[in-house]
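Structural characterization, general
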There are 2 protein chains.
Amino acid sequence: MRELQERILHEGRNLGGGILKVDSFLNHQIDPGLMGRAGAELARRLAATRPTKVLTAETSGIAPALATAAVLGVPVVFARKSPPLTMDYTIVKEECKSRTHNKMVELMVSTEYLRADERVLIIDDFLATAQTIIALARLVARVNAHLVGIGTVIEKTFERGRENARHLNVPIESLAVIVSMDDGKIIFE
Amino acid sequence: MRELQERILHEGRNLGGGILKVDSFLNHQIDPGLMGRAGAELARRLAATRPTKVLTAETSGIAPALATAAVLGVPVVFARKSPPLTMDYTIVKEECKSRTHNKMVELMVSTEYLRADERVLIIDDFLATAQTIIALARLVARVNAHLVGIGTVIEKTFERGRENARHLNVPIESLAVIVSMDDGKIIFE
């Protein structure tokens, strides 16, 4: 998605260690127009998977997940990292390491909103090591729902998330694919 | 907003102690269609405040804030509760008590994305005690930006948020106004 590549090149900052800062349109400030177009493109590429629900993780996954789900016409569920008082029901939990917070986090969803036999499309902001996505996929498996696809806004191929998620055996789509961030550069596929 | 009242009546659960669970369309699962219509209505009611930015707090404020900002054509900034590694810049912080997590939380924004002289519209999921909204308003004041309005999806008048926020001296709009949750009921204005 050319518009997204241009935004990454103009506004993204390579902080080193594989960390890409795109806080001006995705991770702290959100550009609703860009998100709408990104969601429409993810929906177009993944519509054939016929999802009945989009699953993401708080916080940065919510905007692209919502934009994708709006076009697909299905609800979004976001896995929580800490349970609010209203989470009074049965939950399932999985642990994963957060790439951008550099610590272990728990992801939890209610079995009230992620049910057996649902067709689940995982949408997230980044495909890096895929730890978060694989934890979300374990949540899907735990409730006997069916994972049908994975979509992300930005993929960093050198962190090998696509290989790590290959065993999930579903289509994986990313809108901007970065193959190298060596030497302070940002190189697209 | 009648559609929202009906969803609250049909799907909301009064958990007692003033806690309303609307996890089926707002706080855990999100209905993108309903959010789009809620955002459009908040945008319509608050367009005259001519905001240049929408400010919210993670996590549950993001969906209505994004929907409102999409219609207004302005960016959203969401205040973070824990800083990611990419938050390498100057931040301002305020503390507030979370109603639904029952603990003190810090809200932080980057001065890179919330700047002096911006016209800021605060959008959040709930107007209850207004502690979160008042903390967001303090962030706006700290960077010398101008608060121009406040919009929320659901207001619980009996928690007195509107009175608590009156000193901010800006228009406050809520799409569903609950005046009582006594005896397990949900009574609208």
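Residues numbered from 1 in each chain as written. Chains lettered and ligands numbered in written order. Predicted model: local features only at pLDDT ≥ 70, side-chain atom pairs only at ≥ 80, totals over all residues.

1. Some points on the overall build of chain A
For the record, the criterion: Under the scheme used here, helices are H or I runs from DSSP no shorter than 4 residues and strands are E runs no shorter than 2 residues, and both carry numbers assigned from the N terminus. With C-alpha atoms as the basis for the radius of gyration, the globule rule is written as 2.2 Å multiplied by the number of residues raised to the power 0.38. Our exposure labels follow a C-beta count within 10 Å of each residue's own C-beta, placed from the backbone: buried means 20 or more other C-beta atoms, exposed means 12 or fewer, and partly exposed covers the counts in between. Placing C-beta atoms from the backbone, we regard two residues as in contact once those atoms come within 7 Å.
In terms of regular secondary structure, chain A is built from five helices and eleven strands. The C-alpha radius of gyration computed for chain A amounts to 16 Å, which stays within 12% of the reference 16 Å derived for 189 residues, consistent with globular compactness. Reported as C-alpha extents along the three principal axes, the dimensions of chain A are approximately 45 × 35 × 30 Å. Taking all 189 residues of chain A together, 49% fall into the buried category. For chain A, the share of sequence-separated contacts (at least 6 apart) that also reach a separation of at least 24 residues comes to 62%.

2. Structural notes on helix α3 (residues 62–72) of chain A
One turn of an α-helix holds 3.6 residues; hence residues three or four places apart share an orientation. Where burial is concerned, most of α3(A) is hidden: ten out of the eleven residues are buried. Remark: A:G73 follows α3(A) within two positions and exhibits a positive phi of approximately 75°.

3. A few points about the confidence of the model for chain A
Let me state the cut-off plainly: A residue's pLDDT is the predictor's confidence in that residue, given on a scale from 0 to 100.
Considering every residue of chain A, the mean pLDDT works out to 94; 96% of them sit at 70 or more. ipTM for the predicted complex: 0.94, alongside a pTM of 0.95.

4. Some points on the nonpolar core
Formally: Each nonpolar core comprises buried Ala, Val, Leu, Ile, Met, Phe, Trp, Tyr and Cys residues, the members being joined through C-beta atoms within 7 Å.
Counting residues in hydrophobic clusters, the biggest one holds 116 residues, and the most contacted among them are A:L66, A:I122, A:L136, B:L66, B:I122 and B:L136. Dropping the residues within four chain positions of it, B:L136 is found in contact with B:L55, B:A57, B:A79, B:L107 and B:I122.

5. So, the sheet that holds strand β4 (residues 53–57) of chain A
As a reminder of what qualifies: In this analysis, strands are considered paired if DSSP registers two or more bridges between them. Note on geometry: axes are C-alpha line fits, over the in-contact stretch for helices, and angles between N-to-C directions span 0 to 180 degrees.
Sheet architecture is open: seven strands sit in the order β11(A)-β10(A)-β9(A)-β8(A)-β4(A)-β5(A)-β3(B), paired in mixed fashion. Looking at strand neighbours, the two that pair on one side only are β11 (187–188) of chain A together with β3 (29–30) of chain B, the edges of this open sheet. Relative to strand β8 (residues 119–127) of chain A, β4(A) runs parallel, the two being bridged by three bridges. When the bridges of β8(A) are listed, A:K53 appears paired with A:V120. Along the sheet face, α3(A) touches β4, β5 (76–79), β8 and β9 (146–156) of chain A together with β3 of chain B and points at about 175° away from the line of β4(A).

6. Some thoughts on the interface of chain B and chain A
Where we set the bar: Ten residues, namely Ala, Val, Leu, Ile, Met, Phe, Trp, Tyr, Cys and Pro, are considered nonpolar, four, namely Asp, Glu, Lys and Arg, are considered charged, and the remaining ones, Gly among them, are considered polar.
Tallying the contact residues gives 35 residues for chain B and 35 residues for chain A. Secondary structure elements with two or more residues in the side of chain B that touches chain A: β3, α2 (32–46), α3 (62–72) and β5 (76–79) of chain B. Here the element with the most residues in the side of chain B that touches chain A is α3(B); it accounts for five residues. Partitioning the side of chain B that touches chain A into residue classes produces 17 nonpolar, twelve polar and six charged. Where strand β3 (residues 29–30) of chain A meets β5(B), two bridges bridge the pair, whose relative direction is antiparallel. Residue pairing in the sheet places A:Q29 in a bridge with B:V77 of β5(B).

7. Let's talk about the relation of the copies chain B and chain A
Under the convention used in this document: The copies were overlaid by least squares, fitting only the C-alpha atoms of residues that reach a pLDDT of 70 or more in each copy.
For the match of chain B to chain A, the screw axis carries a shift of 0.0 Å, the RMSD comes to 0.0 Å, and the turn is 180°. On this basis, the relationship between the two copies can be described by a two-fold rotation axis. Closest approach to the rotation axis within chain B is made by the C-alpha atom of B:T59, at a distance of 3.0 Å. Interface overlap between copies is the fraction of interface residues in one copy that are interface residues in the other; for chain B against chain A it reaches 100%, indicating a shared surface.

8. A look at the packing of α2(B) against α3(B)
All names here are of chain B. What counts here: Convention used here: angles under 35 degrees read as roughly parallel, angles over 145 as roughly antiparallel, angles from 65 to 115 as roughly perpendicular, and any remaining angle as oblique. Whether a crossing is left-handed or right-handed is set by the direction in which the near helix is turned from the far one by less than a right angle, anticlockwise for left-handed and clockwise for right-handed.
Relative to each other, α2 and α3 sit at 55°, their axes nearing to 7 Å. Compared by their axis directions, α2 and α3 come out oblique. Taken as a pair, α2 and α3 cross one another with a handedness that is right-handed. The segment α2 lies against α3, with M35, G36, A38, G39, A40, L42 and A43 engaging A63, P64, A67, T68, A70, V71 and L72. Taken together, the residues of the contact of α2 with α3 break down into eleven nonpolar, three polar and no charged.

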